[in-house]
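# Coordinate inspection notes
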Amino acid sequence: MKKIAIIMFLLVSACVPKTAERSMLLKQVDPVALRMVLAEMPKGAELHTHLSGIPYAEDYLKWAADDGACIHELSGRILAGPCVNGTVAAKDAYRQPDVWGRAVNALSVREGMRDNRMWGHDRFFETFGRFGAVKRDKGRLLAHAVKQAVRDKVQYVEVMLSIYGPQWVSPWAADASWNGKAEECFARLKQAGLFKDMDLARKELGRAERRQRELVGNSPGSNVKVRYINQIFRGVEPAYVFAQMAWSFELVRRDPRVVGLNMVGPEDGPIAVRDYALHMDMLDFFHSKYPDVPIALHAGELTPTLTTPQALANHIKLAVIKGHARRIGHGVGLAYETVPLNTLALMRQKDVALEVLLGSNDVILNVSGRDHPLNFYLKEEVPVVISSDDMGIARSTLTDEYERAVADQGLNYLAVKRVVRNSLEYSFLEGQSLWDNATSFKMVSACYRDDQPDLDCEAFLLSSEKAREQWKLEGKLNRFEDSEVFKRFKEDYSKQISTIIEKGVDAAIGFP
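A few points on the structure. Remember, predicted model here, so these are calculated numbers, not experimental data.

On to the overall build of the chain, then. The secondary structure content of the chain amounts to 24 helices and 13 strands. The buried share of the chain, reckoned over its 512 residues, is 58%. Carbon and sulfur atoms form 51% of the exposed surface of the chain, whose accessible area is close to 21,800 Å².

Set out below in structure tokens:
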């Protein structure tokens, strides 16, 4: 119990000064026990996760075996059968540990985690092209995602994927071209029939959802709510980026299951850097046409080793001003922005949340510990949510991300609880928030001080999908805090903190 007491000190201390005693306790945290504590905590929503990046390499290999697919022996890439020319049947790889092991390394950053972290950048992004036909079964991927959400105590997921027709946007983008005049280009795309395959894309999404329901059945994953963020690949020429944007904004308008859009691909890629400001101008144009479509953006997923000072100088700021992002993913390059305090002020004024992705930032960018800007964002009162990015590729889970936030970044229990509540507050779910004040977390008057919803509160909850999910989360948090395991940790913590206070450390307990 001594280890648990130390863990609870870290979790629930609100304002412990950075003394020798606190430093000693930080160093003694047992990550195994810490994860066990956090695993039981409800986490609300997962807002930044890519569908194909959720499964582990082993999951893909199992599905490859089920599908009769093959593994390329040298590259580890999954290929459709028949298995010839240097490939082995995935079902046979169970008996060939060397082939299996190389494939797991190729489909994740596992090997890189043993040596050079920066090597993980290239491996991370290369991995997506190695899943082959196995990742085309979106229903199977969705079923896996909701089952993992249950393991992480998540009730709502906004998952990124590419929802396009069979031709993507290729023929229309090629015909319409790009001349720098957004209005003209948009008109040409519509006239050429860009949206004609949209019903096919929506039907395909429906088939994936039916497949998901068949695979999940009545298991706990069936209760996880899922919505979609459509992906726009930034690493192609302007005509194709513009056409993807046009498609995505219209898709969100037409399909309530698709709640927003995001741009994906390495932010340090040559086209992404060259055209970053142009892409933000394009988003600015479409925002004027579709002002109610929510936008989340990868921005500041950069370090000086990856790109130039010019590229580092304004990506986050432009994403907020021109990209109209409601959430920023990563934001690691903050300190290299021109006048970064102005960028933070913009995020605070516009109530833009930061999606913190600690494991991904460690693997891809080699940024962790004191080098990570998370605590600076918190100090500047920028709202924060914690997400996983691509947990299978990074060999992580959302619970592990919360563990990093505590053990690596020093977040206490009150900070963690605020992050959990933020996850639904800054989701793209429709409706009014449960919180009249999302800083103090004071409920709207209809539900204020209600343990059970009265008639006014019930009417309010019926009117808002977001508020309903937030109400569910509050119930889960209350049950967690009333549980025997939490009470036991709290009691052990109190004994530990009394000893610390006797040594002169001014510690605020911070229990709810």
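Turning to the packing of aromatic side chains, a few remarks are in order. A full pass over the atoms with the stated rule returns 14 aromatic pairs. Between tyrosine 60 and tryptophan 63, the ring centres sit 5.5 Å apart and the planes meet at 80°, which makes this aromatic pair edge-to-face. Remark: tryptophan 63 and tyrosine 60 occur in helix α4 (residues 57-67); sequence separation between them is three residues, near one turn of the helix. When sorted by exposure, tyrosine 60 lands in the same class as tryptophan 63, which is buried. Ring centres of phenylalanine 186 and phenylalanine 285 lie 6.0 Å apart, and the angle between their planes is 85°; on these two criteria the pair is classed as edge-to-face. One end of the pair, phenylalanine 186, is in helix α9 (residues 182-192); the other, phenylalanine 285, is in helix α13 (residues 276-289), with 99 residues separating them in the sequence. Note on accessibility: phenylalanine 186 and phenylalanine 285 belong to one class, buried. One aromatic cluster in this structure is built from Trp178, Phe186, Phe242, Phe249, Phe285, Phe286 and Tyr290. Above the plane of the ring of phenylalanine 428 lies arginine 327, whose end atom (NZ or CZ) is 4.0 Å from the centre. Lying across the ring of phenylalanine 441, arginine 421 places its NZ or CZ 4.9 Å from the centre.

Topologically, leucine 74 is positioned in the loop between β2 (70-72) and β3 (78-79). Linking leucine 74 and alanine 103, residues 29 residues apart in sequence, is a C-alpha distance of 8.4 Å.

What follows concerns the state of the cysteines. Throughout the structure, instances matching the rule amount to two disulfides. Across the disulfide, cysteine 70 is cross-linked to cysteine 83 (sulfur-sulfur distance 2.0 Å). Taking the sign of the S-S torsion, -90° for the link of cysteine 70 and cysteine 83, the bridge is left-handed. Linking cysteine 70 in strand β2 with cysteine 83 in the loop between β3 and β4 (87-89), this pair joins segments that are 13 residues apart in sequence. For cysteine 70, a relative accessible area of 0% puts it in the buried group. For the chain, numbering the cysteines in disulfides from first to last along the sequence yields the connectivity 1-2, 3-4.

This paragraph deals with unusual backbone geometry. Omega for the peptide link from glycine 81 to proline 82 comes to 5°, which places this bond in the cis form. With respect to the helices and strands, the residue proline 82 is situated in the loop between β3 and β4. Positive phi, normally seen in glycine, also occurs at asparagine 85, with a value near 50°. On the basis of relative accessibility, which here comes to 73%, the residue asparagine 85 falls in the exposed class. The phi angle at asparagine 366 is positive, at roughly 60°, despite the residue not being glycine. Of note, asparagine 366 is situated in the loop between α17 (358-365) and α18 (374-379).

So, on to the pairing of strand β1 (residues 44-50). If a strand is regular, its side chains alternate between the two faces of the sheet. The buried fraction of β1 amounts to seven of the seven residues, a majority that puts the element mostly inside the structure. One ladder, built from five bridges, connects β1 with strand β5 (residues 154-161); its direction is parallel. Paired with threonine 49 across the bridge in β5 is valine 159.

Packing of helix α7 (residues 138-151) against helix α10 (residues 198-216) brings their axes to within 7 Å, and their N-to-C directions diverge by 50°. By the angle class used here, α7 and α10 are oblique. Classified by chirality, the crossing of α10 by α7 is right-handed. Contacts between α7 and α10 involve Lys138, Gly139, Arg140, Leu142, Ala143, Val146 and Lys147 from the first element and Ala208, Arg211, Gln212, Leu215 and Val216 from the second. Tallied by class, the residues present in the contact of α7 with α10 amount to six nonpolar, two polar and four charged.

Let us now look at the sheet that holds β4. Within a sheet, adjacent strands bond to each other through the backbone by hydrogen bonds, running parallel or antiparallel. Read across the open sheet, the three strands follow the order β3-β2-β4; overall the sheet is antiparallel. Strands at the two margins of the open sheet, each flanked by one partner only, are β3 and β4. Of the strand pairs in this sheet, β2 and β3 are connected by two bridges, and their pairing is antiparallel. Across the sheet, cysteine 70 pairs through a bridge with leucine 79, a residue of β3.

Moving on, we come to the pairing of strand β6 (residues 225-233). In terms of residue burial, β6 counts as a mostly covered element, since seven of its nine residues are buried. In terms of strand pairing, β5 meets β6 through six bridges, oriented parallel. By the bridge assignment, tyrosine 156 is partnered in β6 with lysine 225. In the classification by handedness, the crossover that spans β6, the intervening helix α11 (residues 238-254) and the parallel strand β7 (residues 258-264) is right-handed.

The next subject is the pattern of salt bridges. By the definition in use, this model includes 28 salt bridges. Between aspartate 255 and arginine 202 there is a salt bridge, with its nearest N and O atoms 3.1 Å apart. Taken together, the residues aspartate 255 in the loop between α11 and β7 and arginine 202 in helix α10 connect sequence positions 53 residues apart. Exposure remark for arginine 202: the relative accessible area of 26% places this residue in the partly exposed category.

Conventions and cut-offs
- Residues numbered from 1 in each chain as written.
- Predicted model: local features only at pLDDT ≥ 70, side-chain atom pairs only at ≥ 80, totals over all residues.
- Heavy atoms only, no water.
- Helix = DSSP H or I, 4+ residues; strand = E, 2+ residues; numbered from the N terminus.
- Buried < 20%, exposed > 50% of the residue type's maximum accessible area, 1.4 Å probe, protein only.
- Areas by Shrake-Rupley, 256 points an atom, 1.4 Å probe, with all protein chains shown as cover.
- Phe/Tyr/Trp six-rings, centres within 6.5 Å; stacked < 30°, edge-to-face > 60°.
- Lys NZ or Arg CZ within 6 Å of the ring centre and 35° of its normal.
- Disulfide = S-S within 2.5 Å.
- Pairing = 2+ DSSP bridges.
- Axes fitted to C-alpha atoms, helices over the stretch in contact; angles between N-to-C directions.
- Parallel < 35°, antiparallel > 145°, perpendicular 65-115°, else oblique.
- Left-handed = near helix turned anticlockwise from the far one by under 90°.
- Contact = heavy atoms within 4.5 Å.
- Nonpolar A, V, L, I, M, F, W, Y, C, P; charged D, E, K, R; others polar.
- Right-handed = clockwise from strand over helix to strand, strands pointing away.
- Salt bridge = Lys/Arg side-chain N within 4 Å of Asp/Glu carboxyl O.

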